[in-house]
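Letter by letter, the chains look like this.
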Amino acid sequence: METTQSPKGQLFLIPTMLGDTAPLEVLPISIKQTIENIDFYIAENEKTARRFIKRISPGKSQPSLHFNILNKYTDPSELPTFLDPCMDGISVGLLSEAGCPGIADPGADVVKLAHQKDISVVPLVGPSSIVLAMMASGMNGQSFAFNGYLPIDSTERSKAIKKFERLSRESQQSQAFIETPYRNEKLFEEFLKRLHPSTEICVAVDITLETQVIKTKTVTEWKKTKLDLQKRPAVFIIHAR
């Protein structure tokens, strides 16, 4: 007698706000509906994940929630167990700390495992600071690259900046970067020091917040502009003509 295998649960990729914004101002109602149907989550920080869930679905039972923590301290050997509920037919939500899971986010490792286990991956609509910055930059939306963090070492960072500027000029490809907020101003100073005067820099700060600033100027123009970047989440994009 044949036995039919129970259907697997799905892995839902659940975006969160980019800052302290009312959830439904930047997230579609589908996020709220999904969260109300899921009790198992993978997140970087349980405290902030619970706070997010409470904000978007105040009536959700907090004691019923189960969390697996995925951050730089997580043992990679533990990751397959995070998807055990899916193998038992229970869906799991993957939450980002800010923005979209899997984009500049450790969740990509879990998504890769889901594909290997033939678990359906469902990305939900939500804000991505990288995409929003690119949309508003006026740069090449047909060809751009996100490069994450530049090296911390000043010599290596200088070499990298020059390399990406050369790549941008040769291929007409816009190059995007992020930085730890408390190092924003130092990185911006490096851009102004190392890049050609005609190279354009887009600085996108506090995206989706009331304090949002998104401006694109040449290096020469930026040198005449005052901008407070200290401890504010930012995306930097350069384009060499």
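All of these numbers come straight from a predicted model, not from anything done at the bench. (Residues numbered from 1 in each chain as written. Predicted model: local features only at pLDDT ≥ 70, side-chain atom pairs only at ≥ 80, totals over all residues. Heavy atoms only, no water.)

Observations concerning helix H3 (residues 46–56)
Residue pairs three or four apart in sequence face the same way in an α-helix, which turns once every 3.6 residues. Within H3 the residues assigned to the buried category are Ala49, Phe52, Ile53 and Ile56. Taken around the axis of H3, the buried residues stretch over an arc of 95°, which confines them to a single face. Summarising the contacts, the buried residues of H3 are in contact with strand S1 (11–14), helix H1 (23–26), helix H2 (29–36), strand S2 (40–43), strand S3 (66–69) and strand S4 (92–95). Put simply, Asn45 is the residue that caps the front of H3, since its side-chain oxygen is 2.9 Å from the backbone nitrogen of Lys47. (Buried < 20%, exposed > 50% of the residue type's maximum accessible area, 1.4 Å probe, protein only. Helix = DSSP H or I, 4+ residues; strand = E, 2+ residues; numbered from the N terminus. Arc of directions from axis to C-beta. Contact = heavy atoms within 4.5 Å. Polar contact = N/O pair within 3.5 Å; in protein donor to acceptor, adjacent residues only side chain to side chain.)

With respect to the environment of Pro233
Mapped onto the elements, Pro233 comes out in the loop between helix H10 (219–222) and strand S10 (234–239). Along the backbone, Pro233 and Ser129 are 104 residues apart, and their C-alpha atoms lie at a distance of 9.2 Å. Discounting residues that sit within four places of it in the chain, Pro233 has contacts with Pro181, Ala204, Val205 and Asp206.

A look at the packing of H2 against H3
Here H2 crosses H3 at 115°, and the two axes come no closer than 10 Å. The orientation of H2 relative to H3 falls into the category roughly perpendicular. Here H2 and H3 pass one another in a crossing that is left-handed. Residues Ile31, Lys32 and Ile35 of H2 form the contact with H3, whose own contacting residues are Phe52, Ile53 and Ile56. (Axes fitted to C-alpha atoms, helices over the stretch in contact; angles between N-to-C directions. Parallel < 35°, antiparallel > 145°, perpendicular 65-115°, else oblique. Left-handed = near helix turned anticlockwise from the far one by under 90°.)

Quick notes on the pairing of strand S8 (residues 200–205)
Among the six residues in S8, six count as buried, and that is most of the element. Bridging between S8 and strand S9 (residues 213–218) involves six bridges; their strand directions are antiparallel. Within S9, the position partnered with Cys202 by the bridge is Thr216. Pairing geometry for S8 and S10, over six bridges, is antiparallel. Bridging from a neighbouring strand, Glu200 pairs with His239 of S10. (Pairing = 2+ DSSP bridges.)

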